[in-house]
Number of protein chains: 2
Amino acid sequence: MSVTKILVAQGGGPTAVINQSIVGAVLEARKFRNVDLVYGAYHGVRGIVDEDFLDLTQETSHNLEMVGNTPSSGLGSTRDKPDLKYCQEIFKVLKAHEIGHFYYVGGNDSSDTVRIVSEEAKKANYDLRCIHIPKTIDNDLTVNDHTPGFPSAARFVAQAFMGVNLDNAALPGVYIAVVMGRHAGFLTAASALGKKFPDDGPHLIYIPERVFVLDKFLADVKSTYEKYGRCVVAVSEGIHDEKGVPIITKLAAEIERDAHGNVQLSGTGALADLLCEEIKTKLKISRVRGDTFGYLQRSFIGCVSDVDQREAREVGEKAVQYAMWDKTDGSVTIHRTGFYSVDYQLTPLLEVAGKTRHMPDEFIAASGNDVTDAFRLYLRPLLGSRMPDAYRLRLNRVPKILNPD
Amino acid sequence: MSVTKILVAQGGGPTAVINQSIVGAVLEARKFRNVDLVYGAYHGVRGIVDEDFLDLTQETSHNLEMVGNTPSSGLGSTRDKPDLKYCQEIFKVLKAHEIGHFYYVGGNDSSDTVRIVSEEAKKANYDLRCIHIPKTIDNDLTVNDHTPGFPSAARFVAQAFMGVNLDNAALPGVYIAVVMGRHAGFLTAASALGKKFPDDGPHLIYIPERVFVLDKFLADVKSTYEKYGRCVVAVSEGIHDEKGVPIITKLAAEIERDAHGNVQLSGTGALADLLCEEIKTKLKISRVRGDTFGYLQRSFIGCVSDVDQREAREVGEKAVQYAMWDKTDGSVTIHRTGFYSVDYQLTPLLEVAGKTRHMPDEFIAASGNDVTDAFRLYLRPLLGSRMPDAYRLRLNRVPKILNPD
């Protein structure tokens, strides 16, 4: 375990707890006497190829703790998705700076980067430990029971739906909120945890694991509206038709694509507006409102799961422990062991890298527009303690005088 | 003070603390031995004309407390804006049910309803006490230093901007968030309280108190982007051109108008999308994202100002005390007496009813796209205790090896 310098970095979309993982890794690494310097790449892999490193050994442990409690990626992030050539550049820089350990916190794209860099190091016979630390609000990493960042985003979505359901009950109509999650419906499904009383919304939940049929959607909204006089809907940004075409492309004249060739789904209110327009024109319902939760759901400060914080911290710590005591590269994975307890393992990178996990069938109601109790049981402990709760007045009605029933 | 029945109701948009005012009034009224029954109109003035009353004397004080802590309008609300005929209907029902006190929690439209009903009662020589209890997230009621509901919405907006600023710092680009507030910029201006470090966003703030000029906006974004490599913008939904035409109407092909003849500004992402499109095409900046905070900012559960809660509760209590001990109708108003303390007064309805307050010039920077320290000083105590705080890593840069500077 001869190490002198280690490097940590963050990739992909920020989360409410990704800084905990960095802080967990940095503070743990600083305890080992064979570690002289802890570097942080500024803005992920882009910072590595640019040799833009921060010396985290010069950072106070107190400030690290404060940054750990702050959402978003304190080291900066990047949307660059390295190919082989890019990873060779990364390796060249790691070698030049004599880095002994490379820790990369990110989702499935980031784990694939770790895998390629790990292979390059082996080819070059360079002694480099490469560890992927899991993170993604989409909860779509394989092997893991869940991934850090998801529980806090899920808590935001659940709390948001508690509120908009109450708002919709006060001023009835149809309300649609679009939730993040390109391929996996976990975060949209979390809206169900905002539901308390039987007639509470979200009344309908649409996820990318099921084909979205516009006519079926309109029929669902219509029958809910007829039953309750209102309707609250949770829709994943990634809903698509039977051919896999995103519903949003049916609207957008010009589709912006990101560096990965993906259609831009977030940072626009287009999908919610399209669906509202369909309901207004086809169902003739007058009060129809749509919101897109957008970046709030992954960045909101002051809405975080303490369970998520602890686990994000621990995967960072465990990453360093695995790197110090084991001789293999890998991805730190979270495994549920009780109700509620978890343990961590180091999983071969190939089992996680570049793969996408979807919501299992047992979490999706047969109707295709709701979740099951199995999902509620899965998610509830992740949301953490001190979840707010909604209360309502009991409807003790007074007899009418002017127009008795 | 001969009373037997009193009636409470809520009007207009829900807030995070409007239930506190209802609970304050109900619990206070239940202490008076001359009060036999406390009714709540279900869904505001609409509930009154429909004789849809709940008997709140049959509600437990414990559940009232729990509902008080729950956001949104627990009694339901309405967007109906009563004219004279509608108010005569209201009065007819109040008379039939022998109501002695009428308490209406709402904004300037609601206070105007209270004024008309009060006048009808006087004309009919019917002994009715009519009290308006203030509420509005827009903070646009005259006479008041601020209005219940605004501090909690402001806290949400400030916390949201703390988060999206961190997100934007991690993945730089232009980010625009559209904030509620049709005529008054207070809530949009609250975004400034999300700013800690000098280069933090929001870098630009646009409010309805100043004319919005698209070319000036684009120039502002360009110079901020050139300075910081990123730009976070807060925009009020109510921004308009020099003729008063809302900027959103320049986009929307079909403008939906509500019952008051107002253009629909909330529940659509159109304004943010339009502004993003302008920046993308005219400034050639690739990463441009827009969010519309929508209903979250007034309904989000778990983001409330304790100062706001206490004051909302007190205006409800004071309303009943004024009605019991004074002989005049009026609107309960909030007056700042120290840093930070407030007192309450009963103000003649005519001074509040139907009037709109705007942000004073001293709160708006000369540039027209920022706030002043006077505004920060005004708002900070309202946000309450336990405001979250953002921290960042110190940039101790490591010398480059492959490409030394």
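The name given to chain A in an unreviewed UniProt entry is Pyrophosphate--fructose 6-phosphate 1-phosphotransferase, with Siculibacillus lacustris as the source organism. On record in UniProt, under Catalytic activity (unreviewed entry), the comment for chain A is "beta-D-fructose 6-phosphate + diphosphate = beta-D-fructose 1,6-bisphosphate + phosphate + H(+)".

A.B. asks: I would appreciate a short explanation of the packing of aromatic side chains in the present structure.
C.D. replies: For any pair of aromatic rings, the description rests on two quantities: the centre-to-centre distance and the angle between the ring planes. All names here are of chain B. Here the structure, examined in full by the defined rule, presents 35 aromatic pairs over all chains. Ring centres 6.3 Å apart and planes at 90° place the aromatic pair Phe 156 and Phe 293 in the edge-to-face group. Here Phe 156 is found in helix H6 (residues 150-170), whereas its partner Phe 293 is found in the loop between strand E9 (288-292) and helix H10 (296-299), with 137 residues between them in sequence. A relative accessible area of 1% places Phe 293 in the buried class.

A.B. asks: What's the story with the environment of Lys327(A) in this structure? I'm lost.
C.D. replies: Relative to the elements of secondary structure, Lys327(A) occurs in the loop between helix H11 (306-325) and strand E10 (330-338). The spatial distance from the C-alpha of Lys327(A) to the C-alpha of Leu128(A) is 10.0 Å, given a sequence separation of 199 residues.

A.B. asks: Teacher, can you tell me more about unusual backbone geometry here?
C.D. replies: For residues other than glycine, phi is negative in most cases, and the peptide bonds are mostly trans. All names here are of chain B. Residue Pro 202 follows Gly 201 across a cis peptide bond; omega there is 5°. Tracing the sequence through the fold places Pro 202 in the loop between helix H7 (186-189) and strand E7 (204-206). Following Phe 339, the chain continues to Tyr 340 via a peptide bond in cis, the omega torsion being 10°. Along the chain, Tyr 340 falls in the loop between strand E10 (330-338) and strand E11 (341-347). Even without being a glycine, His 43 presents a positive backbone phi close to 70°. Note that His 43 resides in the loop between strand E2 (37-41) and helix H2 (44-49). Owing to a relative accessible area of 15%, His 43 belongs among the buried residues under this scheme.

A.B. asks: Explain helix H8 (residues 214-228) of chain A to me, please; I cannot follow it from the model alone.
C.D. replies: An α-helix turns once per 3.6 residues; consequently, residues spaced three or four apart project the same way. Residue and element names in this part refer to chain A. Relative to the 21 Å expected for 15 residues at 1.5 Å per residue, H8 spans 21 Å between its end C-alpha atoms, a close match to the ideal helical length. Taken together, the buried positions of H8 are occupied by Phe 217, Leu 218, Asp 220, Val 221 and Thr 224. Axial view of H8: buried residues confined to an arc of 160°, hence all on one face. Set apart from the buried face of H8 by more than 90 degrees, the exposed residues are Asp 215, Glu 226 and Lys 227. The inward-facing, buried residues of H8 abut strand E6 (174-179), strand E7 (204-206), strand E8 (231-236) and helix H9 (270-283). Following H8 by one or two positions, Gly 229 adopts a phi angle in the positive range, close to 75°.

A.B. asks: Whenever I open this one, the nonpolar core confuses me. Can you help?
C.D. replies: Soluble globular proteins: nonpolar side chains tend toward being buried together. Counting residues in hydrophobic clusters, the biggest one holds 88 residues, and the most contacted among them are Phe375(A), Leu379(A), Phe375(B) and Leu379(B). If we skip the residues at most four places from it in the chain, Phe375(B) touches Phe186(B), Ala189(B), Ala190(B), Leu193(B), Met359(B) and Phe363(B).

A.B. asks: Sorry if this is basic, but what is going on with the sheet that holds strand E4 (residues 99-106) of chain A here?
C.D. replies: Hydrogen bonds between backbone atoms are what pair the strands of a sheet, whose relative direction is either parallel or antiparallel. All names here are of chain A. The sheet built from seven strands is open, its strands ordered E3-E2-E1-E4-E5-E10-E11 with mixed pairing. Strand pairing shows two members of the sheet lacking a second neighbour, strand E3 (53-55) and strand E11 (341-347), which therefore form its edges. Pairwise comparison of adjacent strand axes, ignoring direction, gives a mean angle of 25° for this sheet. Relative to E4, strand E1 (residues 5-10) runs parallel, the two sharing six bridges. Paired with Val 8 across the two strands is Tyr 103, which belongs to E4.

A.B. asks: What should I look at first to understand the relation of the copies chain B and chain A in this one?
C.D. replies: Rotating chain B by 180° and translating it 0.0 Å along the rotation axis places it on chain A, where the RMSD comes to 0.0 Å. These values place the two chain copies in the arrangement generated by a two-fold rotation axis. Residue Gly269(B), judged by its C-alpha, is the member of chain B lying nearest the rotation axis, at 2.1 Å. Both copies present the same face, since 100% of the interface residues in chain B are matched by interface residues at the equivalent positions in chain A.

A.B. asks: Any chance you could explain the domain arrangement of chain A here in plain terms?
C.D. replies: By a frequent convention, interface size equals the accessible area lost on bringing the separate parts together. Residues and elements named next belong to chain A. According to the domain assignment, chain A contains domain 1 (5-148 + 304-352) and domain 2 (151-302 + 360-383). The C-alpha centroid of domain 2 is placed 32 Å from the C-alpha centroid of domain 1. At the junction of the two partners, domain 1 supplies 25 residues and domain 2 supplies 21 residues. Between domain 1 and domain 2 lies a buried interface of about 1900 Å² when both sides are counted; carbon and sulfur atoms form 59% of it. At the surface where domain 1 touches domain 2, the tally comes to zero salt bridges. Counting the contacts that link domain 1 with domain 2 gives seven residue pairs in polar contact (both at pLDDT 80 or more). Looking at the side of domain 1 that touches domain 2, its residues break down into ten nonpolar, six polar and nine charged.

A.B. asks: Help me understand the UniProt feature "binding site: diphosphate" (unreviewed entry) in chain A, please; the structure alone is not making it clear to me.
C.D. replies: When the UniProt feature table is mapped onto this chain, "binding site: diphosphate" (unreviewed entry) is found at Gly13(A). Structurally, Gly13(A) can be placed in the loop between E1 and helix H1 (18-29). Using a relative accessible area of 10% as the deciding quantity, one classes Gly13(A) as buried. For Gly13(A), the residues in contact, after removing those within four places along its chain, are Arg79(A), Lys135(A), Arg298(A) and Leu171(B).

A.B. asks: Help me understand the pattern of salt bridges, please; the structure alone is not making it clear to me.
C.D. replies: In a structure, side chains of opposite charge can pair up when their charged atoms sit close to one another. Under the counting rule described, the total for this entry stands at 46 salt bridges over all chains. When the shortest N-O distance is used, the salt bridge between Lys196(A) and Asp389(A) registers 3.2 Å. Highlighted residues: Lys196(A) in the loop between helix H7 (186-189) and E7 and Asp389(A) in the segment after helix H13 (373-379), separated in sequence by 193 residues. For Arg129(B), the salt bridge is made with Asp329(B), and the minimal N-O distance between the two is 2.8 Å. Here the residue Arg129(B) occupies a position in strand E5 (residues 129-134), and Asp329(B) occupies one in the loop between helix H11 (306-325) and E10, the gap between them amounting to 200 residues. Exposure remark for Asp329(B): the relative accessible area of 13% places this residue in the buried category. What emerges from the salt-bridge pattern is a single network uniting Arg46(A), Asp50(A) and Asp80(A).

A.B. asks: Got a minute to help me understand the pairing of strand E1 (residues 5-10) of chain B in this structure?
C.D. replies: Side-chain direction in a regular strand flips from residue to residue, so the side chains alternate between the two faces of the sheet. Residues and elements named next belong to chain B. Of all six residues in E1, six are buried; the element is thus mostly enclosed. Of the two faces of E1, the one lined by Lys 5, Leu 7 and Ala 9 and the one lined by Ile 6, Val 8 and Gln 10 are each fully buried. The sheet contact formed by E1 and E2 spans four bridges and is parallel. Bridged to Lys 5 within E2 is Leu 37. A crossover links E1 with its parallel partner E2, the connecting element being helix H1 (residues 18-29), and its sense is right-handed.

A.B. asks: Just to check I follow, could you spell out the pairing of E6(A) for this structure?
C.D. replies: All names here are of chain A. Summarising burial for E6: six of the six residues are buried, a large majority. Along E6, one buried face is formed by Val 174, Ile 176 and Val 178 and the opposite face, lined by Tyr 175, Ala 177 and Val 179, is buried too. The pairing of E6 with E8 spans six bridges and is classified as parallel. Among the inter-strand pairings, Ala 177 is bridged to a residue of E8, identified as Ala 234. Relative to strand E9 (residues 288-292), E6 runs parallel, the two sharing five bridges.

A.B. asks: How should the sheet that holds E11(B) be read in this particular structure?
C.D. replies: All names here are of chain B. The seven strands are arranged E3-E2-E1-E4-E5-E10-E11 in an open sheet whose pairing can be described as mixed. Bordering the open sheet on either side are strand E3 (53-55) and E11, each of which pairs with just one other strand. Adjacent strand axes in the sheet meet at a mean angle of 25° when their direction is disregarded. Two strands pair when backbone bridges link them, and E5 and E10 are joined in this way by two bridges, in the parallel orientation. Each residue of the ladder has a partner; that of Ile 131, found in E10, is Gly 330. Its contacts with the sheet put H1 on E1, E2, strand E4 (99-106) and E5, and the angle it makes with E1 is roughly 175°.

Thresholds applied
- Each chain has its residues counted from 1, following the order in which its sequence is written.
- Lettering of chains starts at A and numbering of ligands starts at 1, both following the order in which they are written.
- Where local features are concerned, this predicted model is filtered to residues with pLDDT of at least 70; where side-chain atom pairs are given and counted, the filter is 80 or more; whole-chain, interface and lining totals use all residues.
- Neither water nor hydrogens contribute to the side-chain values; these are computed over all heavy atoms in the structure.
- UniProt positions are given in the numbering used here, feature names are shortened, and annotations may be inferred rather than shown by experiment.
- Any Phe, Tyr or Trp ring, taking Trp's six-membered ring, that has another such ring centre within 6.5 Å forms a pair; planes under 30 degrees apart are called stacked, those over 60 apart edge-to-face, and the others tilted.
- Elements are defined by DSSP. Helices are runs of H or I of four residues or more, strands are runs of E of two residues or more, and each kind is numbered from the N terminus.
- Here the term buried applies to any residue with accessible area under 20% of the maximum for its type, exposed to any over 50%, and partly exposed to those in between, with areas from a 1.4 Å probe on protein chains only.
- Each helix should span, by expectation, one fewer than its residue count multiplied by 1.5 Å.
- The arc under discussion is defined with respect to the helix axis, by the directions toward the C-beta atoms.
- Note on definitions: a residue-residue contact is assigned when non-hydrogen atoms from the two residues lie within 4.5 Å.
- The criterion is simple. A nonpolar core is a set of buried Ala, Val, Leu, Ile, Met, Phe, Trp, Tyr and Cys residues joined through side-chain atoms within 4.5 Å.
- Any two strands between which DSSP finds at least two bridges are classified as paired.
- In this analysis, axes come from line fits to C-alpha atoms, helices being fitted only over the stretch in contact, and the angle between any two N-to-C directions falls in the range 0 to 180 degrees.
- Least squares is used to superpose the copies, and the fit set is the C-alpha atoms of residues whose pLDDT is at least 70 in both copies.
- Note that domain bounds follow an automatic or database assignment of domains.
- The term buried area means the drop in 1.4 Å probe accessible area that two parts suffer when joined, counted for both and summed.
- The term salt bridge refers to a side-chain nitrogen of Lys or Arg lying within 4 Å of a carboxyl oxygen of Asp or Glu.
- Contacts described as polar in this section are N or O atom pairs within 3.5 Å, which, within protein, must combine one atom able to donate a hydrogen with one able to accept it, while residues neighboring in sequence count only if both atoms come from side chains.
- Classes in brief: Ala, Val, Leu, Ile, Met, Phe, Trp, Tyr, Cys and Pro nonpolar; Asp, Glu, Lys and Arg charged; the others, Gly included, polar.
- Looking down the strands as they point away from you, a crossover is right-handed if its path from the first strand over the helix to the second goes clockwise.

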